[in-house]
Amino acid sequence: MQKQLLTILICVFGLSITQAQKPKTPSSSEIYESIQKLNFLGSVLYVAAHPDDENTRLIAYLSNQVKARTAYLSLTRGDGGQNLIGPEIRELLGVIRTQELLAARRVDGGEQLFTRANDFGYSKHPDETLQIWDKDQVLSDVVLAIRQFKPDVIINRFDEKRAGKTHGHHTGSAILSLEAFDLANDKTAYPTQLKQTSLWQPKRLFYNTSSWRYGGQEAFDKVDKSNMVRFDIGTYYPTKGLSNNELADMARSQHLCQGFGRLSQRGSQDEYIEFLKGDPLNGSNNIFEGIDTSWNRVKGGKAIGDILNAVEENFNFKNPASHVSQLIEAYQLLQRIEDEHWKTQKSEALKTIIQMCAGLYLEASAETNWATQKDITKLNIEVLNRSDLPITLESLKNASGLHIAKGIALKNNTKYDFKEVIKVPNNAQPTTPYWLNEKGSLGMYKVDNMSLIGKPETPRTYNIDFNVLINNTPITFTKPVIQRFSKPDKGELYRPFEIIPEASAKITEKVIILDNDQQRDITVIVKAGRDNLEGDVEVCHPNGWSIFPKKQKVSIAHKGEEQTLTFTVIPPKEQSEGFIGPIVHIGDKSYSKELIEIDYEHIPFQTVLLRSESKIVRLDIKKRGENIAYIQGAGDVVPESLEQIGYNVRIISPDEITAETLSRFDAVVVGIRAYNTIEDLNFKQQQLFDFVANGGNMIVQYNTSHRVKVDNIAPYDLQLSRDRVTDETAEVRFLKPDHDVLNFPNKITKNDFEGWTQERGLYFPDRWSKEFTPILSMNDKGETAKDGSLLIAKHGKGHYIYTGLSFFREFPAGVSGAYRLFANMLSIGKGDIEQNQKLND
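Residues numbered from 1 in each chain as written. Predicted model: local features only at pLDDT ≥ 70, side-chain atom pairs only at ≥ 80, totals over all residues. Heavy atoms only, no water.

Undergrad: I'd like to hear about the overall build of the protein, residue by residue, with values.
TA: Counting its secondary structure elements, the protein contains 18 helices and 43 strands. If one aligns the C-alpha atoms of the protein with their principal axes, the spans along those axes are about 95 × 75 × 55 Å. Looking at the protein alone, contacts between residues at least 24 apart form 75% of all its contacts between residues at least 6 apart. Accessible area for the protein stands at about 34600 Å²; split by element, carbon and sulfur atoms hold 46% of it. With 101 positive and 109 negative side-chain charges, the protein shows a separation of 3 Å between the mean positions of the two kinds. (Helix = DSSP H or I, 4+ residues; strand = E, 2+ residues; numbered from the N terminus. Contact = heavy atoms within 4.5 Å. Areas by Shrake-Rupley, 256 points an atom, 1.4 Å probe, with all protein chains shown as cover. Lys, Arg positive; Asp, Glu negative; His and termini not counted. Charge placed at Lys NZ, Arg CZ, Asp CG, Glu CD.)

Shown next as structure tokens:
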């Protein structure tokens, strides 16, 4: 077939970051379930603060048993959490957790929405939360979500009355939901939203209460439940071969970076929601009481309902294609109704069902998964009608309005392949999450385009419209351009077709620590987004620093290849810090972003563009000891950070923990949450304690107070708690100012606790034996002192140290005081203060 040019325009906000999912191949049972949902005209919005806050049991039940359109509004993307599976934190962790939420919704049948609120870390009170979030902006986003989604029922995950007793984000989400319930139907509230949506009043609002709220099942059994609705969410779905709670646990297990992989449950299980606001129920358990959830809800809907209900009642599981004529008739009637909300929602659902019933396969696959401006990429378009239905492919269209006529009658089970090309426009914007396009604040993402607010991902713009005739009725199916390919060890794979810059660059080290005024080489890697890339590279730097040479040439023959360049950094004589970043100049354009790829098996492949910069610190730091063994836990960059200040770090597995292996090291550092994630450490603790007794140092970083997998965290009694200090600027008081750890080999002062990020620390011990010496005291405003952030015990000839201080956050941020203090912890017992004073002199 003659090759034609498809010029597809990109809107200014780029492409979706989602890896293309393998096309759904629904069974007859799944098609039947889709028709059941099509015939239910009711919706529920579940509201909470973070990824993994959602109750998947209730979302799955409402979506699959009740058949309601159900969405989860997560106010944040979880940037402030920890990462159990890798080193990504902050923005990149938010990208991972966004995708985990979408993966969970694909399992439990819900949809996913967000606001612009940024998870800035643990907050102890909603007043602080709403101040940092910018309450008015987040409230406007919740109102917008209600006006757009138009839920009949809202369910809050958290209790608005528990201010100061739980996470401020949790309580804050409930407070905002309560306010938005009334404001969504107020034309004076956020009136600019009404240019793209309309007022809406939900029918009623509930709180998803539980025994946890009351401190246990025994207490909850005594609670008056006359204002509550009870669901048995353990119902069994024969068409799925799963119970609802099994389905929910499968969804819950998508939150792997938070350690939520779990065994599935079966059998009866109660769930409660408590009425808060709106029209009260009259003694029934039907949360849609007083709402017509049939097709009679919309003007002109009865005729549609008559057709679709008949399809549901007489569904042909052996030959779903037999219903296409009825579905087409219903589709034609649906286009005539006045209610734009239901017309839009149900038209898309009905088109999908028609395609499924017809066995119609439509795909547009590019030869590569990425391209850059001006690229021309080959495209294979596949069309397959797997039914006896009379279907004609009329044309293929693109976003720019170009039209390629086909006029081909699609024979049953005959595959049609069309070879086309796509040309990327000169002004194409690269793929990246829309909420990371501009720098936001501590508590808010910056998103000015209202059409993007709330969306889980950047909308796709590289699409192909397949215009077909089915039973002489025109229907357009829009499919995103993807790349379908295979790997010998993976099989068939799918990725989206994405746009990358013609050049991107990164410095290999995100934090560069120089412990003296000697120059150091740094490595810059430039990646080509197109063939024959020619230009030059420079590294911007703070005043007082020098970079040599000022510029270097870059020449890369093939796209996808990289060139490595070495620059020399010359630091100032005195302590100093700032940021450096590469800039690639190609013609009259400059590029200063890094192309980041996130690749985990449980979520789609992610491509993210962030400003390429590295923290650089000229640090006055001394240390003792050279060789460090590191036992990895939930994932952090502490090993790389210690290498920055001159330590030789070797990562060891539990199997390598032997007396002989440990004898080679001066200290052992245990990574964050290692005792929460590595069961084998329970059998290695005594060997680690013996290492300390023989003169080694052992530093254990924070673990959560629950799900501890070792019998004894320390050689002496030590009790973890949930104590934490969330204010990163909280005063730090020295309980033992003469202790070696505050004086050797570096003199630690209050200045070393300036510039900390997100928090001071978390999960501090609250009880310890007399062998431990508490070093520091700190607390959040209005709270009692927390003295367990840094505990040191002499054990035999060595030292055991437990710390809940957030070194895993401070090191990637290049906080100099955190490095100096950690160096002292590693050096303890390796000399004396008098010797250090002589060295300083």
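Text resumes after the structure shown.
Undergrad: Hey, could you go over the sheet that holds strand E21 (residues 503–507) for me, with residue numbers and the actual values?
TA: Strand order in the open sheet formed by four strands is E21-E23-E27-E25, and the pairing between neighbours is antiparallel. Both outer strands of the open sheet, E21 and strand E25 (546–548), are each paired with one neighbouring strand and no more. This sheet shows a mean twist of 30° between the axes of neighbouring strands, independent of strand direction. Relative to strand E27 (residues 562–570), E25 runs antiparallel, the two sharing three bridges. In the strand pairing of E27, Ser546 is matched with Ile570. (Pairing = 2+ DSSP bridges. Axes fitted to C-alpha atoms, helices over the stretch in contact; angles between N-to-C directions.)

Undergrad: Requested: an account of the pairing of strand E10 (residues 270–278), with residues and values cited.
TA: Of the pairings in the sheet, the one linking strand E6 (residues 204–207) to E10 comprises four bridges and is antiparallel in character. Bridging across to E10, Leu205 finds its partner in Lys277. In terms of strand pairing, strand E7 (residues 228–232) meets E10 through five bridges, oriented antiparallel. Each residue of the ladder has a partner; that of Val229, found in E10, is Ile273.

Undergrad: Go over helix H6 (residues 168–183) with me, naming the residues and quoting the values.
TA: Between its first and last C-alpha atoms H6 spans 22 Å; for 16 residues at 1.5 Å apiece the expected length is 22 Å, and the two agree. With twelve of 16 residues buried, H6 is to be regarded as a mostly interior element. For H6, the full list of buried residues reads Gly168, His169, His170, Thr171, Gly172, Ser173, Ala174, Leu176, Ser177, Leu178, Ala180 and Phe181. (Expected span 1.5 Å × (residues − 1). Buried < 20%, exposed > 50% of the residue type's maximum accessible area, 1.4 Å probe, protein only.)

Undergrad: Can you break down the packing of aromatic side chains residue by residue, with the values?
TA: If you walk through the whole model with that rule in mind, you get 23 aromatic pairs. Where Tyr702 meets Tyr763, the ring centres are 6.1 Å apart and the plane angle is 10°; that geometry is what we call stacked. Here the residue Tyr702 occupies a position in the loop between strand E36 (697–700) and strand E37 (718–725), and Tyr763 occupies one in strand E39 (residues 761–768), the gap between them amounting to 61 residues. Each member of the pair, Tyr702 as well as Tyr763, is classed as buried. Clustering of aromatic rings is evident, with ring pairs tying together Phe734, Phe753, Trp756, Phe807, Phe811, Tyr819 and Phe822. Here Arg213 stacks its cationic end above the ring of Tyr214, 5.0 Å away from the centre of that ring. (Phe/Tyr/Trp six-rings, centres within 6.5 Å; stacked < 30°, edge-to-face > 60°. Lys NZ or Arg CZ within 6 Å of the ring centre and 35° of its normal.)

Undergrad: Account for the packing of helix H1 (residues 28–38) against helix H11 (residues 340–358), with residues named and values stated.
TA: Taken N-terminus to C-terminus, the directions of H1 and H11 make an angle of 160°; their axes are 10 Å apart at the nearest point. Relative to H11, the element H1 lies roughly antiparallel. Seen from above, H1 lies across H11 with left-handed handedness. Of H11, the residues touching H1 (which contributes Ile31, Ser34, Ile35, Lys37 and Leu38) are Lys346, Ala349, Leu350, Ile353, Met356 and Cys357. Looking at side-chain class alone, the contact of H1 with H11 contains eight nonpolar, one polar and two charged residues. (Parallel < 35°, antiparallel > 145°, perpendicular 65-115°, else oblique. Left-handed = near helix turned anticlockwise from the far one by under 90°. Nonpolar A, V, L, I, M, F, W, Y, C, P; charged D, E, K, R; others polar.)

Undergrad: Outline the pattern of salt bridges, listing residues and values.
TA: Taken as a whole and judged by the stated rule, the model has 48 salt bridges. Linking Arg105 and Asp108 is a salt bridge whose minimum nitrogen-to-oxygen distance equals 2.6 Å. Remark: Asp108 and Arg105 occur in helix H3 (residues 91–108); sequence separation between them is three residues, near one turn of the helix. Overall, Arg105 belongs to the buried group, its relative accessible area being 3%. On the basis of relative accessible area, Asp108 is assigned to the buried category, the value being 0%. A salt bridge links Arg484 to Glu382, with the shortest nitrogen-to-oxygen separation between them at 3.3 Å. Placement of the pair is Arg484 in strand E18 (residues 473–487) and Glu382 in strand E13 (residues 376–385), with a sequence separation of 102 residues. Each of Lys124, Asp780, Glu783 and Lys786 takes part in salt bridges that share partners, so that together they form one network. (Salt bridge = Lys/Arg side-chain N within 4 Å of Asp/Glu carboxyl O.)

Undergrad: Residues and numbers for the confidence of the model for the protein, please.
TA: Averaged over every residue, the pLDDT of the protein is 93; the share at 70 or more is 96%. Here residues 1–19 is modelled with pLDDT under 50, and outside its nearest four sequence neighbours on either side it reaches 98 contacts, counting other chains as well. This stretch, residues 833–841, has a pLDDT under 50; its non-local contacts, to residues over four places away or in other chains, come to eleven contacts. (pLDDT = per-residue confidence, 0-100.)

Undergrad: Quick one: what's the story with the sheet that holds strand E4 (residues 111–114), residue by residue and with numbers?
TA: Within a sheet, neighbouring strands are paired by backbone hydrogen bonds and run either parallel or antiparallel to one another. In space, the seven strands of this open sheet follow the order E4-E3-E2-E5-E6-E10-E7, with mixed pairing throughout. Of all strands in the sheet, those bounded by a partner on one side alone are E4 and E7. Shown here is a sheet whose adjacent strand axes are inclined to one another by a mean of 30°, direction ignored. Note: strand E5 (residues 153–156) against E6, four bridges, orientation parallel.

Undergrad: Could you give an account of empty space enclosed by the protein, naming the residues involved and the relevant values?
TA: As enumerated under the stated definition, the model contains three cavities of 30 Å³ or more in all. Within this model, the largest cavity holds a volume of roughly 50 Å³. Looking at the largest cavity, the residues that line it are Arg157, Phe158, Asp159, Arg162, Thr166, Tyr207, Trp212 and Arg213. A breakdown of the residues in the lining of the largest cavity according to their chemical character gives three nonpolar, one polar and four charged. (1 Å grid on protein atoms, 1.4 Å probe; cavity = no way out; pocket = protein on both sides within 12 Å on 5 of 7 lines; lining within 4 Å. Points joined across faces, edges and corners; volume = space filled by probe spheres on them.)

Undergrad: Go over the nonpolar core with me, naming the residues and quoting the values.
TA: Ranked by internal contacts, the top residues of the largest apolar core, which has 77 residues, are Leu642 and Tyr800. With sequence-adjacent residues up to four places away left out, Tyr800 is seen in contact with Phe689, Val692, Met698, Val700, Ile713, Ala714, Pro715, Leu718, Phe772, Leu791, Ile792 and Ala793. Counting 56 residues, the second-largest nonpolar core is a separate cluster that includes Phe315, Cys357, Tyr462 and Ile470. (Core = buried A, V, L, I, M, F, W, Y, C linked by side-chain atoms within 4.5 Å.)

Undergrad: How would you sum up the packing of H3 against helix H8 (residues 244–252)? Please name residues and give values.
TA: Between H3 and H8, whose axes approach to 8 Å, the crossing angle comes to 165°. Accordingly, the angle class assigned to the pair H3 and H8 is roughly antiparallel. Crossing angle aside, the handedness with which H3 passes H8 is right-handed. Contacts between H3 and H8 pair Ala104, Val107 and Asp108 from the former with Leu247, Met250 and Ala251 from the latter. In terms of residue class, the contact of H3 with H8 is built from five nonpolar, no polar and one charged.

Undergrad: So, helix H10 (residues 324–334): which residues are in play, and what are the values?
TA: Because an α-helix packs 3.6 residues into every turn, residues spaced three or four apart end up facing the same way. Of the residues making up H10, those classed as buried are Val324, Leu327, Ile328, Ala330, Tyr331 and Leu334. Projection of H10 onto a plane perpendicular to its axis shows the buried side chains occupying an angular sector of 160°, all on one side. On its buried side, H10 packs onto helix H9 (301–313), H11, strand E17 (463–470) and E18. (Arc of directions from axis to C-beta.)

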